[in-house]
Amino acid sequence: MTAACEQLAAFVDGELTPDEAQAFGLHLADCAECQAELGDQVQASLAVQAAAEARPLERPESRPGVRSESRPRFRPSWDRRRVVGFGVAAAAVVLAVLAVVRPWRASDAGRELPFALASARQLEGRVSHPGLQGHRALGTMRSGAAGRTELDLRALAELEARGDVHGVATAYLVSGDFERAERLLEKLPPSPAVLGDLALAALGLGQPERALRRLEAGLQTAPDDPRLHWNRGLALQALSLELAAAAEFQRVVEAKEPGWSTEAQERADGLRKGALGRRDSWKAMNAAGMALALEGTPYPSTLARRNPDLARLYLYHALRAAPSVERVKALLPLATVLDDVTRTKTATAYVARVAAADFARRGPLTATYRAVLGGEESLEGAKADAYLAKLRRSNERDLLLGAVLLLHQEDRHVDELAALVRQSGEPAWYDAPLARGRAQAALARGDLETAEQSLQQGLASCRSAGFQYRCVDLQQHLAALYNRLDRRKEAEGLARSALEEAFRTDSWFQEEVLLSDLVTSARLSHAPALARAYLDEYVQHAPEDCARRSEYHHARALLAVEDLDAKSARHEVEAAIACPTAPTLLELAVAGDLLRLEGGTVPGRELDRVRERIRVLREDPSLSEGERLLVDHIEGRILIERDREAGQKLLRGVITGAALKRSSDIEARKAWSHSHHVLVMDAGRAKEWDRAVALLAEELDRPAPTSCLLALAGQDERLLFVVRDATGAGDGVYLNALKRPLREELPEVPEGLLQRLTGCGMVRVLAEPILQGRPGLLSPHRAWSYLAPGGQRVAAPAAAPAFKRLVVSDVEPPASLGLPHLMPWKGQTGSGDVHLRGRAATPEAVLAEMEDATEVELHTHGLSGTGLSDAAFLALSPDAAGRYALTAGDLEGHTLRGSPVVLLAACDANVGAWRYHAVWSLPAALIQAGARAVVAPSTQVPDVEAGAFFQALLEALRRGVPPAQALRDTRARWLQQGSAKWVQDLVAFE
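What you are looking at is a predicted structure, and each value in this text was computed from that prediction instead of being measured.

A. Focus on the overall build of the protein chain. Broken down by element type, the protein chain carries 40 helices and 14 strands. Across the 990 residues that make up the protein chain, the buried fraction comes to 53%. The long-range share in the protein chain, meaning contacts at least 24 apart out of those at least 6 apart in sequence, stands at 66%. Accessible area for the protein chain stands at about 43700 Å²; split by element, carbon and sulfur atoms hold 52% of it.

This is the structure:
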């Protein structure tokens, strides 16, 4: 019996406080043990009540042996019997409710099912209905065909008549009608049983990530429920996370349920066998490759055909390491196999070229290559340069090419490498490492655009040549770059497709690197259940590796911090530091946030430990300048909580150091923004309102209005509101104990601050990136707008541009998106207007016409939450290359010379990416490109109303009404006419 179960009698007797009773009611809904005892406890309490009513009340002190100091706490004279009666009545209501919506008790196992119970089950998953708890073998047919369970409509109707919503949902779930089952289940309180069934519905609909979220919620209150672990195993398996799935099924084995445990063991063994088979194959291929290169041992043709690219990699190592002509000629059979695979002659031609070399001169050079490859010799710095110089003098071009790659010198010798690749006789094979070298060189000088383009071009070339191993490598590097840039959806899409390719070729090492990238993209996307799933697979690849376990627990701790769960985060950190490892930025970032969340409860020795880890990390010579700034920032944000002056000084130093680097170094940009944030919150805590606003304006690269301003900043558990009223006087509220993350809930602006703004005809909002664009911040009946961040903002033209109106409508997105046709646009265009419609409305055409427009109306579908972009984008008509999306990124590098007002009449067009260091959304990108103002929806937009609303808004703007006021007035008229709520979620930007 749990501690909570011990409150059952007090609950029935009405002795709990209202808050305690509410909490116990939630516990009761999920506790089979309490539910089993509830009826008996109600009967016992009724008997006590009846006995009490049959005799007069005794004063406790009148009974012998009862001391006055032991009497119960004071209760009014009406308390005991009426509270008992109230408690019993409440318990009876709970019993009645549980009969409809609670997880079924064992005594309900005989409840009639609205379908015949076949000898084999059709669902892989486990449903919560007690009549389905017994194990039945899975009845999957190898043809893939599966008959649907026939429902007894009469029995189904009886369930509906009894109000057994969960029973009806179960019937639909088992019959394969997952959408209908989900709709019904979502109406029920989210108990573990309901969440487990909802997860099954999501799996049936092909949504394993959604299933994971529901299962994690269920496991929070029922951590040992074998049904939930079974279904989580299926969700992980659907994501190809086989070792993590096997671990979940192993949890079911430990429950020792008849039939289920046996099947769980079979599933766990099969999943483990598949994953470890890939690991063993990878090890065998690499061992055979090294034996080939170092000793000339023939490479098995079966392994070569399994992963021909890896075999080619080792063949070319072997050719460069070969000490004699005889060793070279022995490589011809493998080269022939690989040429057969690619239908080329490049490998055999390379063998022939090397066989014709002068080994009297080449031999000593290959010996060095062989020693480095085998790990017997390490060439760095001057030694590496000397070896490359010797190769240049020898004119052994293929050895020079191989040595540049072997020594990881691609970024230092990009131009020379490009010439060597052209002369290699097989440029398609070397395009990938050349692209990687160009990208690394570009990153070193802060040219992120060139780095991205190099990797993209290399990937296109690689795909054309069909070298899958090389392609996976480039996809991984591009995904890692996108994660650095917080373009997490693009990163996830690339890494997922690369991971599937790695599975097919047994590329175990690449799997591990890609899993790490996927953890990062899921965390940045604030998908903690998915991030934990990838982490579970990552750690299972090498559970004995202490450093990996430390990384695993620190990553889980960061997820807990982001959910404001300091207790869980501390538990993970304690597990992480049990493994002695070198400090990392991830570890210190977690430590900084956790020390703040825990506040005064942190022991002094923990702070000392973290400061020492920071000192050690600073000594790491591999840290870039931007990463060193981040280390300084972390120390500053820890220090400012305990020594304000020292912390401020350190953070101002970070800002100064990052000022010139932030335009090209993403880590420096993050250090700049994060340090400003900490200083803003520090000023708010000290009620230094003007200083807080000044720091926020500096962070956002734009001046703050001197009056009628609302400024807000926040992260994790803290939020700051500052206002300047019509006279310029400031006031603010600092909140430092939020219970829900800001991404889930933004507290309302305090009423006292709203009162300070009553004298303002229009309010402008200055907000940190994660708070920029939030709808409903102020009343829809108030004129207000967001001030987009500056940075690359385009200055207003010296002379007023010529009027040009651009209308985009009637677009035809790709049929594969499944988007319905929008109603034909009914507005009128003038003689000088440009109307792009139908197939002509491609992203390239729209961008071109937008550059000198003064008014822009975009009547299209808006999409968010897809792999194309972290922020919402517009779905336009595809061009010849199939490109149809207009994203925030597409606006970079474009200048809107006409300073237009842009109306984004598309669903979710205001939805931006959740980034701490920069705003990433269509409205912000348009403002930074030069738009004067943008109005965008934050939710779904009804097609039948949108055209008329935006036409009315445009007419007000043409009369010279400021955008915020025009939006307020047009919205007010629409709401008076009974329009849908969507107009309240429109947001203006200036």
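From this point, the narrative continues.
B. Up close: the packing of aromatic side chains. What the rule picks out here adds up to 12 aromatic pairs. Considering the side-chain rings of Trp-429 and Phe-467, the 5.0 Å spacing of their centres and the 80 degrees angle between planes classify their relative orientation as edge-to-face. Of this pair, Trp-429 sits in helix H22 (residues 427–444) while Phe-467 sits in the loop between helix H23 (448–465) and helix H24 (468–484); the two residues are 38 residues apart in sequence, bridging distant segments of the chain. Accessibility expressed as a relative area gives 6% for Phe-467, which makes it buried. Through pairs of rings, three or more aromatic residues link up here, namely Tyr-316, Tyr-350, Trp-429 and Phe-467. One residue, Arg-126, lies across the ring of Trp-260, its end atom 4.1 Å from the ring centre. In this arrangement the basic side chain of Arg-662 is found over the ring face of Trp-672, its NZ or CZ atom lying 3.8 Å from the centre.

C. The pairing of strand E8 (residues 855–859), seen in detail. The element E8 is largely enclosed, with a buried count of five among its five residues. Judged by which residues are buried, E8 turns out to be covered on both faces: Glu-855, Glu-857 and His-859 on one side and Val-856 and Leu-858 on the other are all buried. Where strand E6 (residues 805–809) meets E8, four bridges bridge the pair, whose relative direction is parallel. Bridge pairing in E8 places Leu-806 opposite Val-856. Sheet topology note: the E8/strand E12 (residues 901–905) ladder contains five bridges and is parallel. When the sheet's bridge partners are listed, Glu-855 is paired in E12 with Val-901.

D. Representation of empty space enclosed by the protein. Applying the stated criterion to the full structure yields five cavities of 30 Å³ or more. Of the pockets and cavities examined, the largest cavity occupies roughly 60 Å³. Around the largest cavity, the lining residues are His-674, His-677, Glu-699, Gly-714, Gln-715, Glu-768, Pro-769, Ile-770 and Tyr-916. Among the elements of the structure, helix H34 (666–685) and strand E1 (709–715) are those that each provide at least two residues to the lining of the largest cavity. Within the lining of the largest cavity, the residues separate by chemical class into three nonpolar, four polar and two charged.

E. Just the sheet that holds strand E9 (residues 861–863), in detail. One open sheet accounts for three strands, arranged E9-E10-E11; its pairing is antiparallel. Either end of the sheet is taken by a strand with one partner, and the two such strands are E9 and strand E11 (885–886). The pairing of strand E10 (residues 873–875) with E11 spans two bridges and is antiparallel. When the sheet's bridge partners are listed, Ala-875 is paired in E11 with Ala-885.

F. Molecular detail of the side chain of Ser-809. Secondary-structure assignment places Ser-809 in strand E6. Take Ser-809: its relative accessible area is 1%, and that puts it in the buried class. Those residues within four positions of Ser-809 in sequence are excluded, and the remaining contacts are Trp-825, His-835, Leu-836, Arg-837, Gly-838 and His-859.

G. Region of the structure containing the side chain of Arg-312. Within the secondary structure, Arg-312 sits in helix H14 (residues 308–321). At 2.9 Å, the side chain of Arg-312 forms a polar contact with the side chain of Tyr-316. Apart from the residues within four sequence positions on either side, Arg-312 is in contact with Leu-338, Asp-339, Thr-342, Thr-346, Ala-347, Glu-426, Trp-429 and Phe-467.

H. Here's a closer look at helix H37 (residues 843–850). By the burial criterion, the buried members of H37 are Pro-843, Val-846, Leu-847 and Met-850. Looking straight down H37, one finds that the buried residues subtend no more than 95 degrees of arc, so they occupy a single side. On the buried face of H37, the contacting elements are E6, strand E7 (834–837), E8, E11 and helix H38 (922–929).

I. Inspection of the packing of helix H10 (residues 226–238) against helix H11 (residues 242–255) at higher detail. One can describe the packing of H10 onto H11 by two numbers: an axis separation of 8 Å at closest approach and a directional angle of 160 degrees. When the interaxial angle is binned, H10 and H11 end up roughly antiparallel. The chirality of how H10 crosses H11 is left-handed. Here Pro-226, His-229, Trp-230, Arg-232, Gly-233, Leu-234, Leu-236 and Gln-237 of H10 lie close against H11, whose contacting residues are Ala-244, Ala-245, Glu-248, Phe-249, Arg-251, Val-252 and Ala-255.

J. The arrangement of the environment of Val-252 in detail. Secondary-structure assignment places Val-252 in helix H11. Sequence spacing of Val-252 and Pro-226 is 26 residues, and the spatial spacing of their C-alpha atoms is 5.1 Å. Excluding residues that lie within four positions of it along the chain, Val-252 makes contacts with Arg-126, Pro-226, His-229, Trp-230, Glu-257, Trp-260, Ser-261 and Ala-264.

K. Geometry of the pairing of E1. With seven of its seven residues buried, E1 lies for the most part within the structure. In the sheet, E1 pairs with strand E2 (residues 718–724) via seven bridges, with the strands oriented antiparallel. Each bridged residue has a counterpart across the sheet, and for Gln-715 the counterpart in E2 is Arg-718. Joining the antiparallel neighbours E1 and E2 is a turn of two residues, in which Asp-716 adopts a positive phi near 55 degrees. The sheet contact formed by E1 and strand E4 (residues 763–767) spans four bridges and is parallel.

L. Up close: the state of the cysteines. What the rule picks out here adds up to three disulfides. Disulfide pairing places Cys-546 opposite Cys-579 at an S-S distance of 2.1 Å. Residues Cys-546 and Cys-579 are joined by a disulfide whose S-S torsion is about -105 degrees; by sign, that bridge is left-handed. Here Cys-579 lies in the loop between helix H29 (566–577) and helix H30 (585–598) and Cys-546 lies in helix H28 (residues 546–562), a separation of 33 residues in the sequence. Taking relative accessible area as the criterion, Cys-546 reaches 26% and is therefore assigned partly exposed. The exposure class assigned to Cys-579 is buried, which follows from its relative accessible area of 6%. Paired through a disulfide, Cys-708 and Cys-760 show a sulfur-sulfur distance of 2.2 Å. One disulfide, between Cys-708 and Cys-760, carries an S-S torsion of -95 degrees and so falls in the left-handed class. Of the two residues, Cys-708 sits in the loop between helix H35 (689–699) and E1 while Cys-760 sits in the loop between helix H36 (751–756) and E4, which places them 52 residues apart along the sequence.

M. Quick look at the pattern of salt bridges. The full count for this structure, using the stated rule, is 81 salt bridges. Across the pair Asp-224 and Arg-251 runs a salt bridge whose closest N-O atoms are separated by 3.6 Å. A residue pair is termed long-range when its members are at least 10 positions apart, and Asp-224 in the loop between helix H9 (208–221) and H10 and Arg-251 in helix H11 qualify at 27 residues. The class for Asp-224 is exposed, based on a relative accessible area of 63%. Ionic contacts of the salt-bridge type, sharing partners, join the residues Arg-570, Glu-574, Glu-587, Glu-598, Glu-606, Arg-609 and Arg-613 into one network.

N. Representation of the environment of Gly-206 within the structure. Looking at the element boundaries, Gly-206 is found in the loop between helix H8 (192–204) and H9. The class of Gly-206 is exposed, set by a relative accessible area of 55%. It is 8.5 Å that separates the C-alpha atoms of Gly-206 and Ala-238, two residues lying 32 residues apart in sequence.

O. Spotlight on the confidence of the model for the protein chain. Taken over all residues, the pLDDT of the protein chain has a mean of 87, while the share at 70 or more is 86%. With pLDDT under 50 throughout, residues 49–110 is counted as low confidence; its partners more than four residues away or in other chains account for 76 contacts.

So, how was this worked out
- Residues numbered from 1 in each chain as written.
- Predicted model: local features only at pLDDT ≥ 70, side-chain atom pairs only at ≥ 80, totals over all residues.
- Heavy atoms only, no water.
- Helix = DSSP H or I, 4+ residues; strand = E, 2+ residues; numbered from the N terminus.
- Buried < 20%, exposed > 50% of the residue type's maximum accessible area, 1.4 Å probe, protein only.
- Contact = heavy atoms within 4.5 Å.
- Areas by Shrake-Rupley, 256 points an atom, 1.4 Å probe, with all protein chains shown as cover.
- Phe/Tyr/Trp six-rings, centres within 6.5 Å; stacked < 30°, edge-to-face > 60°.
- Lys NZ or Arg CZ within 6 Å of the ring centre and 35° of its normal.
- Pairing = 2+ DSSP bridges.
- 1 Å grid on protein atoms, 1.4 Å probe; cavity = no way out; pocket = protein on both sides within 12 Å on 5 of 7 lines; lining within 4 Å.
- Points joined across faces, edges and corners; volume = space filled by probe spheres on them.
- Nonpolar A, V, L, I, M, F, W, Y, C, P; charged D, E, K, R; others polar.
- Polar contact = N/O pair within 3.5 Å; in protein donor to acceptor, adjacent residues only side chain to side chain.
- Arc of directions from axis to C-beta.
- Axes fitted to C-alpha atoms, helices over the stretch in contact; angles between N-to-C directions.
- Parallel < 35°, antiparallel > 145°, perpendicular 65-115°, else oblique.
- Left-handed = near helix turned anticlockwise from the far one by under 90°.
- Disulfide = S-S within 2.5 Å.
- Salt bridge = Lys/Arg side-chain N within 4 Å of Asp/Glu carboxyl O.
- pLDDT = per-residue confidence, 0-100.

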